[in-house]
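Here is how the chains run, residue by residue.
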Amino acid sequence: MADDRLIAALDVPTREEAERLVQQLGDSVSYYKVGMELFYALGGDIVTWLKAQEKKVFLDLKLHDIPNTVGNGLCSLLRLRPDILNVHTAGGLRMMKAARDALHAAAEEAGIPCPKLIGVTVLTSMDAEDWAGLGHTGTIAEAVLRRAQLARVAGLDGVVASPAETAEIRRICGKDFLIVTPGIRPVGISHDDQRRVMTPGEAIRVGASQIVVGRAIYAAEDPRMAAESILKEMEAV
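What you see is a predicted model, and the numbers here were worked out from it, not measured in a lab. Within each chain, residue numbers correspond to sequence positions counted from 1 in written order. Restriction of local features to residues with pLDDT of at least 70 applies here, the model being predicted, together with a cutoff of 80 or more for giving and counting side-chain atom pairs; totals for whole chains, interfaces and linings are based on all residues. With hydrogens and water set aside, each side-chain value is computed from the structure's full complement of heavy atoms.

Caption draft 1: Region of interest: the overall build of the protein chain. Strands here are runs of E lasting at least two residues and helices are runs of H or I lasting at least four, both read from the DSSP assignment and numbered beginning at the N terminus. Looking only at helices and strands, the protein chain has eleven helices and eight strands in total. The reference for a compact globule is 2.2 Å times residues^0.38; the radius of gyration itself is calculated from the C-alpha atoms. For a compact globule of 237 residues, the expected C-alpha radius of gyration is about 18 Å, and the protein chain comes in at 17 Å, within 12% of that figure. If one aligns the C-alpha atoms of the protein chain with their principal axes, the spans along those axes are about 45 × 40 × 30 Å. Only protein chains enter the accessibility calculation, which uses a 1.4 Å probe. A residue is then buried if its area is under 20% of the maximum for its type, exposed if over 50%, and partly exposed in between. Residues classed as buried in the protein chain amount to 49% of the 237 residues present.

Quick look at the structure:
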């Protein structure tokens, strides 16, 4: 039943909650996102456990620092065998190139497949008021597209971007460019702290490669039923 286009976010604080959710979802979900909350609490053990369950892992740590530090950080994470890693595009072209080169070289040296490396464009929690408050004069959409193009030039495999910008990124960056899309809310689910959102079907329709769904699954009374409902909506696109 699982579809790799659906990534379930393990945005929970403990190993017990994470393991319970994975067990509840069973074979309906094959791909999980491990973010800062869980990784900082448990370290790499949770990634190792997921891989032992034959799950794929998007390790969402949004590395953003000087080029050498980011490159070395990614190489340190390579030992966990994640399927996707990410950096923040705000670090700039040189940082992204250094990250990509370091990761590919380390994977080649280790004789293992290189994880996909993608760049976070602009957080989906941000709206126009937040953006202007940071001193930006252009729009969020303009920044997202510019950063997506820089990620492609740097050799990254794709980006993380809200569904609002997905169609234009797909048009500009091509059919093989990976677009991982958070800010997904099924019909009837609260938007919480997300601002630029779409339903699962809408996001796939406008060009998302994969969607990340958190609260709509883990906070549901029946997480497996919630995931299967999302899968059905995606299949209909």
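Caption draft 2: Helix H1 (residues 15-25), seen in detail. Turning to H1, its buried residues are Ala18, Leu21, Val22 and Leu25. All buried residues of H1 project into a common sector of 100° when viewed along the axis, lining one side. Facing away from the buried side of H1 by over 90 degrees, the exposed positions are Glu16 and Gln23. Phi turns positive one or two residues past the end of H1, at glycine 26, with a value near 55°. It is the directions from the helix axis to the C-beta atoms that the arc portrays.

Caption draft 3: Structural view of the pairing of strand S1 (residues 6-9). On S1, burial covers both faces: Leu6 and Ala8 on one face and Ile7 and Ala9 on the other are all buried. In this structure, S1 lies alongside strand S8 (residues 210-213), joined through three bridges in parallel fashion. Along S8, the bridge assignment pairs leucine 6 with isoleucine 211. Here the rule is simple: two strands pair whenever DSSP picks up at least two bridges between them. Taken together, the three bridges between S1 and strand S2 (residues 31-34) define a ladder with parallel strand orientation. Within S2, the residue paired with alanine 9 across the bridge is lysine 33.

Caption draft 4: Structural detail: the state of the cysteines. Cysteine sulfurs are considered disulfide-paired once they come within 2.5 Å of each other. Enumeration over the complete set of coordinates arrives at zero disulfides. For the unlinked cysteine cysteine 75, the closest cysteine sulfur is that of cysteine 114, found at 9.0 Å. Left without a disulfide partner, cysteine 173 is nearest to the cysteine sulfur of cysteine 114, which lies 19 Å away. A residue is classified by how much of its surface remains accessible, and cysteine 173, at 8% relative accessible area, is buried.

Geometric values such as these leave the question of function open.
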